[in-house]
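Understanding the architecture of this molecule
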Amino acid sequence: MKPTMVTAICLLTAIIIVSSFGLQLDPVDVATKIPDTVSANVLYVCPATSTIWDPIAAGFSQFSKFFKILFAACLIVLSFSWGWALYQNLLKDKFDGDKYKQPWGLTKMLFWAVVIIFMLMMTPNYFRSVHVNGVNRDYVLCEFGDDGARPVRADIVSH
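The present account deals with the structure reproduced in this document.

1. Brief notes about the nonpolar core
- Membership of the largest hydrophobic core is limited to six residues, which are Val45, Val130, Val132, Tyr139, Val152 and Val157.
- The contacts of Val157, once residues within four sequence positions are left out, are Leu43, Val130, His131, Val132 and Val152.

Have a look at this one:
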């Protein structure tokens, strides 16, 4: 590829990433208040049983937005790579399988990197974990009849 085309691809990728993820230089502080009449009165929480994966997932979750941005950028560059290989084959009006080796290798590498990172980030308790204000324990949402279920006010529970 020519340097001007590589520069154009990098600029398009940067513009798409910045506009898609709402990145900006000056942060906007938006405060939203949910009315109390809409929120539920009681939620049931149970103490979370911690495993070795919970601290690992917590460590990776700090960088989840970075991983999503990196994944989107890699996906855009990968699509340009596939398009470039297709363009080269269409330009010569014959099929050359060697042009697709690099995009296919990048596709496999990106797929397995995403699978491994997101498997490390998502533990079994990831979608159920909550924080109860004023308490220094880890809780998960549970049902009324579960062992150790404890009712708490919904307004002190946050994800």
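Let's pick the thread back up.
2. A closer look at the sheet that holds strand S4 (residues 150-153)
- As summarised here, the arrangement of the five strands in space is S4-S1-S3-S2-S5, forming an open sheet in which the pairing is antiparallel. This sheet does not close on itself; its edge strands, each paired only once, are S4 and strand S5 (157-158).
- Here strand S2 (residues 129-132) pairs with S5 via two bridges, running antiparallel. Counted as the bridge partner of Val132 is Val157 from S5.

3. A few points about unusual backbone geometry
- Of note in this structure, Asp93 is not a glycine but carries a positive phi near 60°.
- Counting through the fold element by element, Asp93 comes out in the loop between helix H3 (64-92) and helix H4 (101-121).
- Using a relative accessible area of 71% as the deciding quantity, one classes Asp93 as exposed.

4. What to know about the packing of aromatic side chains
- Scanning the model with the defined rule gives six aromatic pairs in all.
- Each ring, one from Phe95 and one from Tyr100, has its centre 5.8 Å from the other, and the planes form 20°; the classification is stacked.
- What makes Phe95 exposed here is its relative accessible area of 65%.
- Ring centres of Phe111 and Trp112 lie 4.9 Å apart, and the angle between their planes is 75°; on these two criteria the pair is classed as edge-to-face.
- Through successive ring pairs, a cluster of aromatic residues spans Phe60, Phe66 and Phe67.

5. Quick look at a nonpolar patch on the surface
- Nonpolar side chains collect at one region of the surface, where Met1, Met5 and Val6 lie side by side and expose about 250 Å² of accessible area between them.
- One can find Met5 in helix H1 (residues 3-21).

Conventions we followed
- Residues numbered from 1 in each chain as written.
- Predicted model: local features only at pLDDT ≥ 70, side-chain atom pairs only at ≥ 80, totals over all residues.
- Heavy atoms only, no water.
- Core = buried A, V, L, I, M, F, W, Y, C linked by side-chain atoms within 4.5 Å.
- Buried < 20%, exposed > 50% of the residue type's maximum accessible area, 1.4 Å probe, protein only.
- Contact = heavy atoms within 4.5 Å.
- Pairing = 2+ DSSP bridges.
- Helix = DSSP H or I, 4+ residues; strand = E, 2+ residues; numbered from the N terminus.
- Phe/Tyr/Trp six-rings, centres within 6.5 Å; stacked < 30°, edge-to-face > 60°.
- Patch = residues over 30% accessible without salt bridge, like charges linked within 9 Å, V, L, I, M, F, W, Y side chains within 5 Å.
- Areas by Shrake-Rupley, 256 points an atom, 1.4 Å probe, with all protein chains shown as cover.
- Salt bridge = Lys/Arg side-chain N within 4 Å of Asp/Glu carboxyl O.

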